[in-house]
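Each chain is listed here by its residues.
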Amino acid sequence: NAGVTQTPKFRILKIGQSMTLQCTQDMNHNYMYWYRQDPGMGLKLIYYSVGAGITDKGEVPNGYNVSRSTTEDFPLRLELAAPSQTSVYFCASSYPEGEHTQYFGPGTRLTVL
Amino acid sequence: AQTVTQSQPEMSVQEAETVTLSCTYDTSESDYYLFWYKQPPSRQMILVIRQEAYKQQNATENRFSVNFQKAAKSFSLKISDSQLGDAAMYFCAYRSASQGGSEKLVFGKGTKLTVNP
């Protein structure tokens, strides 16, 4: 299993541009998450999904959108990028039962200039 | 809302010695999970150890163990026989066990551990 994969690893955007961060997991997990990590801070939840077709906001959803058309994929869309969205973005997935552990992707470092 | 506090922004330890990282949390729930994640310079978040709140026994994974004090809402991580590869940021995280929730993780700000040869 590849686990949780994210693309791209790095990206520089100009203010006002848009992009989609891709996340795929091959563990058949129902739950998927997007977090952001600002310098010197822990991770904060942006959006999450409990299954295909179901998404909900986390702590810091403004400026982002998500969709979940399949169990495997959970893309994060940035519209009208702003410098405040400069961060490292992590995707994670988990089962809703059992060991309750979230498995993380390698992260995407995004810079908005 | 739950909060997680890591009061030590940085810690250092000599190779082969023992170090303890502190974590406290605030919650009104009785059932939850606690985690320690390691983040090396590669940025990958790696699970170190987990603890179920309903279990009195402290979790152990090889050189890593926790001291879980539920009444004090404390969850410290002890690393024994420290190795150079243990150098990383360590994050304490909380997750509610409530049914039907997001199961999101609430993270502390992290402790940067340096291991000196």
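The structure we're discussing is the one just above.
Let us look at the structure shown here. A quick note: this is a predicted structure, and the numbers were derived from the prediction, not measured. (Residues numbered from 1 in each chain as written. Chains lettered and ligands numbered in written order. Predicted model: local features only at pLDDT ≥ 70, side-chain atom pairs only at ≥ 80, totals over all residues. Heavy atoms only, no water.)

## Notes on the layout of surface pockets
Part 1: The calculated volume of the largest pocket comes to roughly 390 Å³.
Part 2: Around the largest pocket, the lining is made up of 19 residues, and of these Gln37, Pro39 and Gly40 of chain A together with Gln39 and Met89 of chain B lie nearest the centre.
Part 3: Considering each element in turn, the lining of the largest pocket owes the most residues, 3 residues, to strand S10 (residues 88–96) of chain B.
Part 4: Residue lining of the second largest pocket: 17 residues in total, with Lys44 and Glu59 of chain A together with Val4, Val106 and Phe107 of chain B positioned closest to the centre.
Part 5: For the lining of the second largest pocket, the elements supplying multiple residues, two or more each, are strand S5 (43–51) of chain A together with strand S1 (3–5) and strand S11 (106–107) of chain B.
Part 6: The element best represented in the lining of the second largest pocket is S1 of chain B, accounting for 3 residues.
Part 7: Among the residues forming the lining of the second largest pocket, the class breakdown is 7 nonpolar, 6 polar and 4 charged. (1 Å grid on protein atoms, 1.4 Å probe; cavity = no way out; pocket = protein on both sides within 12 Å on 5 of 7 lines; lining within 4 Å. Points joined across faces, edges and corners; volume = space filled by probe spheres on them. Helix = DSSP H or I, 4+ residues; strand = E, 2+ residues; numbered from the N terminus. Nonpolar A, V, L, I, M, F, W, Y, C, P; charged D, E, K, R; others polar.)

## Quick notes on the sheet that holds strand S7 (residues 64–66) of chain A
Residue and element names in this part refer to chain A.
Part 1: Taken together, the 4 strands give an open sheet; going across it, the order is S1-S3-S8-S7, and neighbouring strands pair in antiparallel fashion. Looking at the sheet topology across the chains shown, the edges are occupied by strand S1 (4–7) and S7. Shown here is a sheet whose adjacent strand axes are inclined to one another by a mean of 20 degrees, direction ignored.
Part 2: Across 3 bridges, the pairing between strand S3 (residues 19–25) and strand S8 (residues 76–78) is antiparallel. When the sheet's bridge partners are listed, methionine 19 is paired in S8 with leucine 78. (Pairing = 2+ DSSP bridges. Axes fitted to C-alpha atoms, helices over the stretch in contact; angles between N-to-C directions.)

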